[in-house]
Amino acid sequence: MKPLETVRSEILRSVQRLDTETVPFNESLGRVLAQAVVSGEDVPHFANSAMDGFAVRGVDVREPGALLAVLGDVPAGQVSSVSVGDSQAIRIMTGAPMPDGADTVVRVEETTAEGDNVRIHTVVGEGTHVREAGGDVRAGQVVFEPGLRMGPVHVGVLATMGVVEPVVSRRPRVGVMSTGDELQPPATRDLAPGMIRDSNRPMLVGLLEDAGAEVIDYGRIGDDADELRAALGRAAVETEAIVTSGGVSMGDYDVTKLVLRDETEVDFIQIAMKPGKPLAFGHLGGTPFFGLPGNPVSVVVSFEQFVRPALLTMQGARAVLRPQMTVAAGERLVTDPAKIVFLRVRLEGDGAAVRATQAGGQASNVLSVAAVADAFAVVPRGVETIDAGEPVLIELFRSPETREHRYDV
Ligand code: AMP
Ligand code: MG
């Protein structure tokens, strides 16, 4: 049995970087930047007010009780035609450009109107409540480095700078197929005896898209060597990676193994991990091929550990592994010391004292438990038990559900 790390680095070393393309910035969500984003201008573009209040000269408000003459108003989107002189003020709204002569904003709450004048009750330091030009981003600044995977906030930042055509990696075209004579379409009403619904394929489509892939679905392939050979042959020319589920272990009907065992460029690997011990990996006509196990939880774990990092590497992502952190075990965890074990756990408690407890049964066919888990507990080889309260490493493979919020009525 090979260690997970060894297998993963072999896979990541063997995949190729995809070429790049320019996309409209508002379609860049989930894409990996292939070029640094440099701002052509200052953000904000001009000095403006952070508050609703009065634009003044700092020298005029060094003592409480100053009385200033109000010259007019400047709302957001307009520019004051007059400048602020000695003992003068202009009423200003949040986001409005600072009038010439003014260097400070006094919040409206710290003032009272006295006819055409305004009384300033407080002492306000020079420069207060002014957002300087370039205070967010400076012209010429490298704002995002290549390798960043774009999230919604990054899209927002591109908009602030007017960077509307980022250069990103192309999305990998990935073919997916499931194998097994027992697999029926999920919409099947009455399953014949021995049949199950094909759950791996729709799940893999989602996992792949989440990893940035454009998916080509080759459907369900029976346990038939010719059928699988034909589908793999097509996928090898039409796609940039192939993912199958099922048929890679020791059974007599393991069709993936049957078809590919003589391929010199495909290895049937036994990995010291649980779930997900069997994995086929290699190249078919130059196209990376991942033969995942059939058990649905093994599919999730193997996908997370091998396929996702490989697809992100192909896209040039800087970070290809999920975040890990240490929390406390919420109960005694017992695992197989011969393998790295991924337990599906729930996280409980607030940020100061998070505890991981098993989300339910840990068998590799129990998909519903993987769905309600917040994370994997990652128990390394050589460790058999982790007692309640002891540190345990977790890997966040999805965003935990948002915190519940109850309103007391
Ligand atoms: P295999 O590796 O092909 O022997 O499959 C291992 C287990 O996973 C068997 O119980 C299969 O029925 C199940 N399985 C295989 N493919 C799928 C699939 N696409 N959806 C759900 N379960 C599957
Ligand atoms: Mg099978």
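Keep in mind the model is a prediction, meaning the values are calculated, not measured. (Residues numbered from 1 in each chain as written. Chains lettered and ligands numbered in written order. Predicted model: local features only at pLDDT ≥ 70, side-chain atom pairs only at ≥ 80, totals over all residues. Heavy atoms only, no water.)

### Considerations on the environment of Val130
Within the fold, Val130 resides in strand S10 (residues 130–131). Judged by its relative accessible area of 15%, Val130 is buried. C-alpha of Val130 to C-alpha of Phe54: the two residues are 76 residues apart in sequence and 11 Å apart in space. If we skip the residues at most four places from it in the chain, Val130 touches Ala47, Asn48, Met98, Asp103, Thr104 and Val105. (Helix = DSSP H or I, 4+ residues; strand = E, 2+ residues; numbered from the N terminus. Buried < 20%, exposed > 50% of the residue type's maximum accessible area, 1.4 Å probe, protein only. Contact = heavy atoms within 4.5 Å.)

### Examining the nonpolar core
Counting 38 residues, the largest nonpolar core has Leu208, Leu279, Phe290, Leu292, Phe306 and Leu311 as the members making the most contacts within it. Top contributing element to this core by residue count: helix H6 (residues 296–314), with 10 residues. A domain split of this core shows at least three residues from each of domain 1 (4–16 + 171–314) and domain 4 (324–396). Grouped together as the second largest cluster of nonpolar side chains are 17 residues, Ala231, Val248, Val266 and Leu284 included. (Core = buried A, V, L, I, M, F, W, Y, C linked by side-chain atoms within 4.5 Å. Domains from an automatic or database assignment.)

### Quick look at the site of ligand 1
As a structural note, the neighbourhood of ligand 1 is formed by 17 residues, with Glu182, Asp198, Asn200, Gly247 and Gly294 the closest of them. Side-chain polar atom of Glu182 to an oxygen atom of ligand 1: 2.6 Å apart, as the coordinates give it. Take Asn295: an N or O atom from its main chain is 3.2 Å from an oxygen atom of ligand 1. When ligand 1 sits alone it has 480 Å² of accessible area, and the protein chains cover 76% of it. Each residue belonging to the shell around ligand 1 can be placed in one class, and the counts come to three nonpolar, 10 polar and four charged. (Near = heavy atom within 4 Å. Polar contact = N/O pair within 3.5 Å; in protein donor to acceptor, adjacent residues only side chain to side chain. Areas by Shrake-Rupley, 256 points an atom, 1.4 Å probe, with all protein chains shown as cover. Nonpolar A, V, L, I, M, F, W, Y, C, P; charged D, E, K, R; others polar.)

### Topic: helix H1 (residues 4–14)
By the burial criterion, the buried members of H1 are Leu4, Val7, Arg8 and Ile11. On an axial view of H1, the arc spanned by its buried residues comes to 95°, and they lie on one face. Facing away from the buried side of H1 by over 90 degrees, the exposed positions are Glu5 and Arg13. Among the structural elements, strand S18 (266–270), strand S19 (273–274), strand S20 (278–284), strand S21 (287–292), H6 and strand S24 (340–348) are those in contact with the buried residues of H1. (Arc of directions from axis to C-beta.)

### Things to note about the domain arrangement of the protein
For the protein, the domain assignment lists domain 1 (4–16 + 171–314), domain 2 (20–41 + 146–169), domain 3 (48–131) and domain 4 (324–396). Inter-centroid distance (C-alpha atoms) of domain 3 to domain 4 is 57 Å.

### Side note on the sheet that holds strand S16 (residues 214–221)
An order of S16-S13-S17-S21-S20-S18 is seen for the six strands of this open sheet, with the pairing classed as mixed. The open sheet has two free edges, formed respectively by S16 and S18, since each of these has just one partner strand. Pairwise comparison of adjacent strand axes, ignoring direction, gives a mean angle of 15° for this sheet. Of the pairings in the sheet, the one linking strand S13 (residues 173–179) to strand S17 (residues 241–245) comprises five bridges and is parallel in character. Looking at the pairing, Val176 lines up with Val243 of S17. Its contacts with the sheet put helix H4 (residues 225–238) on S13, S16, S17, S20 and S21, and the angle it makes with S16 is roughly 170°. (Pairing = 2+ DSSP bridges. Axes fitted to C-alpha atoms, helices over the stretch in contact; angles between N-to-C directions.)

### As for a negative patch on the surface
Taken together, the side chains of Asp181, Glu182, Asp224 and Glu227 present a region of like negative charge at the surface. Along the polypeptide, Glu227 turns up in helix H4. Residue classification places Glu227 among the partly exposed positions, given a relative accessible area of 32%. (Patch = residues over 30% accessible without salt bridge, like charges linked within 9 Å, V, L, I, M, F, W, Y side chains within 5 Å. Salt bridge = Lys/Arg side-chain N within 4 Å of Asp/Glu carboxyl O. Lys, Arg positive; Asp, Glu negative; His and termini not counted. Charge placed at Lys NZ, Arg CZ, Asp CG, Glu CD.)

### Considering helix H2 (residues 152–161)
Turning to H2, its buried residues are Val155, Leu158 and Met161. Seen end-on, H2 carries its buried residues on one side only, within an arc spanning 125°. Of the residues in H2, the exposed ones pointing more than 90 degrees away from the buried face are Pro152 and Val153.

### Concerning the pairing of strand S4 (residues 53–56)
Sheet topology places S4 next to strand S6 (residues 88–92); three bridges connect them, and they run antiparallel. Residue pairing in the sheet places Ala55 in a bridge with Ile90 of S6. The pairing of S4 with strand S7 (residues 104–107) spans four bridges and is antiparallel. Within S7, the residue paired with Gly53 across the bridge is Arg107.

### Focus: the pattern of salt bridges
Taken as a whole and assessed by the stated rule, the structure comprises 19 salt bridges. With a shortest N-O distance of 3.2 Å, Glu10 and Lys2 are connected by a salt bridge. You can call Glu10 partly exposed: its relative accessible area is 34%. Residues Arg31 and Glu21 are paired through a salt bridge, measuring 2.4 Å at the closest nitrogen-oxygen approach. With Arg31 in the loop between strand S1 (20–22) and strand S2 (37–38) and Glu21 in strand S1, this pair connects stretches of sequence that are 10 residues apart. Owing to a relative accessible area of 9%, Arg31 belongs among the buried residues under this scheme. Where salt bridges share partners, they join Asp19, Arg170 and Glu240 into one cluster.

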